[in-house]
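Residues per chain are reported as follows:
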Amino acid sequence: MMEPIRGKVARVLNGQEIVINAGIVDGVTVGMDFNVMDTNGEDIKDPDTNEVLGSIERPKIRVRVIHAQEKLAVAASPRSKRVKPDILTDLVDSAIPTLGPVARSLIVTPRKPYASPQKTAKTAHALDNKDTGVKIGDPVVQVIEKTE
């Protein structure tokens, strides 16, 4: 089995993209997936002896390479899709602009709390410190899908 490509976050470009310090010379290609790993491993203790059995590395977020250069690559988090709350609300919303002011004032539509498409796309998998804690120096590890 081949070893995964490893690197580190070299820069957080914006809420969706990071730069990693591995590139084409390291075997990185567009479309590869990487996990940004949490540097704070979680120690697992034996419940009987309280001995530390080991530590578990957990990924913070998965990113996909969208651009590769010789010594670096740009990777982005997947963008989410908006899930519509219900068809009735959308139908009423689409009809409101065509109604007169009196008819519009009589329609009260129950709103389910959901983000607008713009907010959903920007905040779903943001790569900033507030949501995922991704920062410069975090290790990244190539995701290798196991085939049977």
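What you see is a predicted model; the values in this text were computed from it and never measured.

### Section: the overall build of the protein chain
Counting its secondary structure elements, the protein chain contains 3 helices and 8 strands. For the protein chain, the sequential pattern of α-helices and β-strands runs β-β-β-β-β-β-β-α-α-α-β. Taking the contacts inside the protein chain whose residues are at least 6 apart along the sequence as the reference set, 66% of them involve residues at least 24 apart. Approximately 10300 Å² of the protein chain is accessible, and the part contributed by carbon and sulfur atoms is 55%.

### Some thoughts on the pairing of strand 2 (residues 17-20)
Side chains Glu17 and Val19 of strand 2 all project onto a buried face; the interleaved residues Ile18 and Ile20 project onto the opposite face, where all are buried too. The pairing of strand 1 (residues 6-12) with strand 2 spans 3 bridges and is antiparallel. Residue pairing for strand 2: Val12 is matched across the bridge by Ile18. Counting the residues between successive antiparallel strands, the hairpin from strand 1 to strand 2 contains 4 residues. As paired elements, strand 2 and strand 7 (residues 73-76) share 4 bridges and run antiparallel to each other. Bridged to Val19 within strand 7 is Val74.

### Describing the side chain of Asp33
Structurally, the position occupied by Asp33 is in strand 3 (residues 33-37). A polar side-chain atom of Asp33 sits 2.7 Å from a polar atom in the side chain of Arg64. Sequence-distant contacts of Asp33, defined by excluding residues within four places in its chain, comprise Arg62, Val63, Arg64, Val141, Gln142 and Val143.

### Details of the environment of Val143
Among the secondary structure elements, Val143 is positioned in the segment after strand 8 (139-142). Residue classification places Val143 among the buried residues on the basis of a relative accessible area of 16%. Considering only alpha carbons, one finds Val143 and Asn35, 108 residues apart in sequence, at a separation of 6.5 Å. Ignoring anything within four residues of it in the chain, the contact list for Val143 reads Asp33, Phe34, Asn35 and Arg62.

### Observations concerning the confidence of the model for the protein chain
Mean pLDDT over the protein chain works out to 76, with 61% of the residues at or above the 70 mark. Predicted confidence is poor over residues 109-124, with pLDDT under 50, and the contacts of this stretch with residues over four places away or in other chains come to 20 contacts.

### Some thoughts on the pairing of strand 1
Bridging between strand 1 and strand 8 involves 3 bridges; their strand directions are antiparallel. Counted as the bridge partner of Lys8 is Pro139 from strand 8.

### Points about unusual backbone geometry
One non-glycine residue, Asn50, lies in positive phi territory at about 65°. Inspection of the secondary structure assignment puts Asn50 in the loop between strand 4 (42-45) and strand 5 (52-56). Assessed through its relative accessible area of 53%, Asn50 is described here as exposed.

What counts, and at which threshold
- Sequence positions are assigned chain by chain, starting from 1 and proceeding in written order.
- Only residues with pLDDT of 70 or above have their local features reported here, since the model is predicted, and side-chain atom pairs are shown and tallied only from 80 upward, although totals for entire chains, interfaces and linings are computed over all residues.
- For side-chain calculations, the full set of non-hydrogen atoms in the structure is used, while hydrogens and water are omitted.
- Secondary structure counts use DSSP, requiring at least four H or I residues in a row for a helix and at least two E residues in a row for a strand, with both numbered from the N terminus.
- Whether two residues touch is decided by their heavy atoms; if any such pair falls within 4.5 Å, the residues are in contact.
- To measure how exposed things are, a 1.4 Å probe is used in the Shrake-Rupley method; for residues, cover is taken only from the protein chains shown.
- The buried label goes to any residue with under 20% of its type's maximum accessible area, the exposed label to any with over 50%, and the partly exposed label to all in between, with areas taken from a 1.4 Å probe on protein chains only.
- A pair of strands is considered paired only if DSSP assigns at least 2 bridges between the two.
- Any N or O atom pair separated by 3.5 Å or less is treated as a polar contact, with the protein-specific requirement of one donor-capable and one acceptor-capable atom, and with residues adjacent in sequence counted only for side-chain atom pairs.
- The predictor attaches a confidence to each residue, called pLDDT, with possible values from 0 through 100.

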